[in-house]
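# Observations on the three-dimensional arrangement
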Amino acid sequence: TGDVEKVYGQSSWSNIEIDSLPSLDIGLGSDTVAVENAQISYKSSSEDNTPIRDYMASISEDSSSINLVGNMWRALELPTPLSPTELGDFVVSFDFTLDEAGDIHGICFDENLSYGNADSPQNSESRRCVSTAYFHDKSDVLDVLLSDFQTRQSESHRYVLNLSKMFDKLYVNESGDPTPAPTPPPNLVHVGNNGSPGSAFPLKVCQGDCDNDNECSAGLECFQRGGFEMVPGCAGAGRSGSDYCYDPLRKETNIKYIAFINDNGADSSVGDSTYGNIAITTSLSSCLSGEDFDFQLSDCTIKKFLGEVEATMSNKADCTSTDPLLELFAIFDATQEMDVYSQIEKICTSAYKLDQYDFADNTLAIDDALERQLVKEYIDGGTVMNYEAEANSAVMIGKVNDKFATTRHFSMPKHHALDNCEMGAAMCCFVASRTNPDPADNSDVCYIDMKASRYTAHVRDGWSIYGDSSDDSIYCEGFAWGNDGGIASALKGNALFKVGFMDNFSGGKVEQVPGAPLCGCMDRMPVVTNAACTDVTDPTSVVDVHFDSAVGMFDASFTVGEITYGDCGGLNLVEHYESLVGVGKASAVDAAYMHKRVVGEVGCGVAINDFLSTKGLVMG
């Protein structure tokens, strides 16, 4: 530059590459919309890692997923804004994977780039984001809608969300009050032109062809078109260039952006999440609900239930889709996918419950005194059954075992130590034996957190540290049923009866670790070094499921087989739980937690220090 004669200067460029960034494909009804990979900051650039060119969210080469790493509030503009009429039922489904947790992870469908502010009454921004994982401190009113399932680190989950139910103010009238969306919205209909035929005029909403407002019914106006422009509040394309009457007071919120939140305030490099197979179902309907159908399950789990629904859909010509989750979403009129899972669990549980035997009502009691305290106190380590020298008070345990243990499902007692075992596992630990002064113990106690077992310990908070010994001073045995329901869950009461009650009667095992229940969910039990394992199975049982189209409901009946008891194939409790993860019956996250509760022969020291560090202490 600067050369007047323009003959001097030399430069060269090489290895020039122009990258074509993949777009993000989003299903829209029966079509696919390619969303250009032109990323912009959502909410504000101060929230987002910028400049964006240095912190790009990565869209896969096949355009099916988007991955966000580090602090990102990232939006993509849709090729054309989508009105609620075009979105129809607005049921959004997608796969979500959380490899590293930040503070907030979520997906948004928004009319603008402004994040909702629910704490401010003056803020008119509606909440348009749904969290998939929320680890931030929760205020009374959140600016993001919480989904029913919050994904944990290292987990994946498929979400199905009816945003037409979850979002507010998609449709508003002139005063700003929400109004319901039409179901379905009226189609554009050509009924006449130039006032003819006279019986059709004045035209009603979504009718044409109008030339001016006077040809529309009271309160309606004539929407002038040059081609196939969308008419507000109406569905369909109509005739090219034809004009249609519409309601001008009915305003629709057009969705212009899809956005993703991968937020972490303390460290902007933290957080790794992926959203894939994003689809919007605009017209949700059931293809099975019009007639009765039946199927049989060897194990009534969510996965197997969905599998049989899918098989039924595959054999029905009217079903253009074979997605069982969306099919049941329509049948149950669900808002979120967890509503479907909850309904399946209720169907299965109702079948198993009809065969249940409540051994803990007062069946095991031999007198009035024991009847009043058995469930409440025995599981907490009390009652004469734990302290007598002979098993005189426990004689009914043997009788119940002989009569019912292989032919009936035992219900789980209602007890604070056994309620809400979220990881699907429980354990019993005994410190003494009435039959053997030198019992065959298999474990040591590391520590007890009495805050977790406060209803047993009768203190609000406190802990006991037992040290890092290896003298096997207690006996622990557990059982696991995982978190997918089914026959394993139905038989957990049988497993408790065998481990917690029969081991007392026939094996002489008695008394709990002080401050902890005799038996309980893993989070309420002591942290120990080892636990044996019991499993209970019923491989020949079946559940017959029937759908009654007249009432739109499922019913299920259970036929018991032969209940058998085992030692988990020789595995200990931790190993058995890991085997459940391998077959999809439990989560790897819960397996990692199991390792923190049953820590191995040399694990007490680390476990104790980790616990004490939460109290600001270290073991000397």
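Each value, and the rule that gives it
- Residues numbered from 1 in each chain as written.
- Predicted model: local features only at pLDDT ≥ 70, side-chain atom pairs only at ≥ 80, totals over all residues.
- Heavy atoms only, no water.
- Buried < 20%, exposed > 50% of the residue type's maximum accessible area, 1.4 Å probe, protein only.
- Helix = DSSP H or I, 4+ residues; strand = E, 2+ residues; numbered from the N terminus.
- Pairing = 2+ DSSP bridges.
- Axes fitted to C-alpha atoms, helices over the stretch in contact; angles between N-to-C directions.
- Parallel < 35°, antiparallel > 145°, perpendicular 65-115°, else oblique.
- Contact = heavy atoms within 4.5 Å.
- Nonpolar A, V, L, I, M, F, W, Y, C, P; charged D, E, K, R; others polar.
- Expected span 1.5 Å × (residues − 1).
- Arc of directions from axis to C-beta.
- Core = buried A, V, L, I, M, F, W, Y, C linked by side-chain atoms within 4.5 Å.
- Disulfide = S-S within 2.5 Å.
- pLDDT = per-residue confidence, 0-100.
- Patch = residues over 30% accessible without salt bridge, like charges linked within 9 Å, V, L, I, M, F, W, Y side chains within 5 Å.
- Areas by Shrake-Rupley, 256 points an atom, 1.4 Å probe, with all protein chains shown as cover.
- Salt bridge = Lys/Arg side-chain N within 4 Å of Asp/Glu carboxyl O.
- Phe/Tyr/Trp six-rings, centres within 6.5 Å; stacked < 30°, edge-to-face > 60°.
- Lys NZ or Arg CZ within 6 Å of the ring centre and 35° of its normal.

For the rest of this paragraph, the subject is the pairing of strand β8 (residues 104–110). Judged by how many residues are buried, β8 sits mostly within the fold: seven of seven residues are covered. Burial along β8 is two-sided: the face carrying Ile104, Gly106, Cys108 and Asp110 and the face carrying His105, Ile107 and Phe109 are both buried. In this structure, β8 lies alongside strand β9 (residues 129–134), joined through five bridges in antiparallel fashion. Its bridge partner lying in β9, His105 is registered against Ala133. With seven bridges connecting them, β8 and strand β18 (residues 255–263) associate as antiparallel partners. The partner of Ile104 across the bridge, within β18, is Asp263.

Okay, the packing of helix α12 (residues 573–582) against helix α13 (residues 588–597) next. For the pair α12 and α13, interaxial distance at closest approach is 9 Å and the crossing angle is 175°. With respect to α13, the axis of α12 lies roughly antiparallel. In this structure, α12 uses Leu573, Val574, Tyr577, Glu578 and Val581 to contact α13, whose residues at the interface are Ala588, Asp590, Ala591, Met594 and His595. Residues that form the contact of α12 with α13 fall into these classes: seven nonpolar, one polar and two charged.

As a further point, take helix α5 (residues 337–353). Along its 17 residues, α5 runs 24 Å from first to last C-alpha, staying within 8% of the 24 Å computed at 1.5 Å per residue. Of the residues making up α5, those classed as buried are Glu337, Val340, Tyr341, Ile344, Ile347, Cys348, Ala351 and Tyr352. Considered in projection along α5, the buried side chains sweep an arc of 135° and stay on one side of the axis. The exposed set on the far side of α5, more than 90 degrees from its buried face, consists of Lys346 and Lys353.

Strand order in the open sheet formed by four strands is β29-β23-β27-β31, and the pairing between neighbours is mixed. Strand pairing shows two members of the sheet lacking a second neighbour, β29 (519–521) and β31 (532–533), which therefore form its edges.

Further remarks concern the nonpolar core. In terms of nonpolar packing, the biggest core is built from 71 residues, with Phe305, Leu328, Phe359 and Phe554 touching the most fellow members. Ranked by residues supplied to this core, first place goes to α5 with seven residues. Aside from chain neighbours lying at most four places away, what touches Phe305 is Phe295, Leu297, Cys300, Leu328, Ile344, Ile347, Cys348, Val545 and Phe554. Of all hydrophobic cores here, the second largest spans 36 residues; its members include Leu87, Leu98, Val130 and Leu170.

Scanning the entire structure with this criterion turns up 11 disulfides. The disulfide partner of Cys216 is Cys245, and the gap between their sulfur atoms is 2.0 Å. Between Cys216 and Cys245, the disulfide has an S-S torsion of -85° and is therefore left-handed. Of this pair, Cys216 sits in the loop between β14 (207–208) and β15 (221–223) while Cys245 is found in strand β16 (residues 244–246), placing the two residues 29 residues apart along the sequence. Look at Cys216 and you get buried, because its relative accessible area is 7%.

What follows deals with the confidence of the model for the protein. Mean pLDDT over the protein stands at 89; residues scoring 70 or higher make up 91%. Confidence drops under a pLDDT of 50 for residues 178–182, and excluding neighbours within four residues, the segment shows 11 contacts in the predicted structure.

The next thing to look at is the sheet that holds strand β30 (residues 527–528). In space, the three strands of this open sheet follow the order β26-β25-β30, with antiparallel pairing throughout. The sheet terminates laterally at β26 (463–465) and β30, the two strands that pair on one side only.

Within helix α8 (residues 395–404), burial applies to Ile397, Gly398, Val400 and Phe404. Around the axis of α8, the buried residues are gathered within 165° of arc, so they sit on the same side. Exposed and facing more than 90 degrees away from the buried side of α8 are Asp402 and Lys403. Contact partners of the buried residues in α8: β21 (356–357), α7 (384–387), β22 (409–410) and α11 (492–505).

Taken together, the side chains of Trp463, Ile465, Leu617 and Met619 make up a nonpolar region of the molecular surface, amounting to roughly 320 Å² of accessible area. Mapped onto the elements, Ile465 comes out in strand β26.

Taken as a whole, this structure holds 30 aromatic pairs when the rule is applied. On the numbers, 5.1 Å between centres and 45° between planes, the contact of Phe260 with Tyr275 is tilted. One end of the pair, Phe260, is in strand β18; the other, Tyr275, is in strand β19 (residues 272–281), with 15 residues separating them in the sequence. Ring centres 5.2 Å apart and planes at 80° place the aromatic pair Phe359 and Phe501 in the edge-to-face group. Highlighted residues: Phe359 in the loop between β21 and α6 (368–378) and Phe501 in helix α11, separated in sequence by 142 residues. Phe501 shares its class with Phe359; the two are buried. What links up through ring pairs into an aromatic cluster is the set Tyr357, Phe359, Tyr378, Phe404, Phe410, Phe497 and Phe501. Here the guanidinium or amino end of Lys43 rests over the ring plane of Trp73, the centre of that ring lying 4.8 Å away. Between Lys509 and the ring centre of Tyr475, over which it is positioned, the NZ or CZ distance is 4.6 Å.

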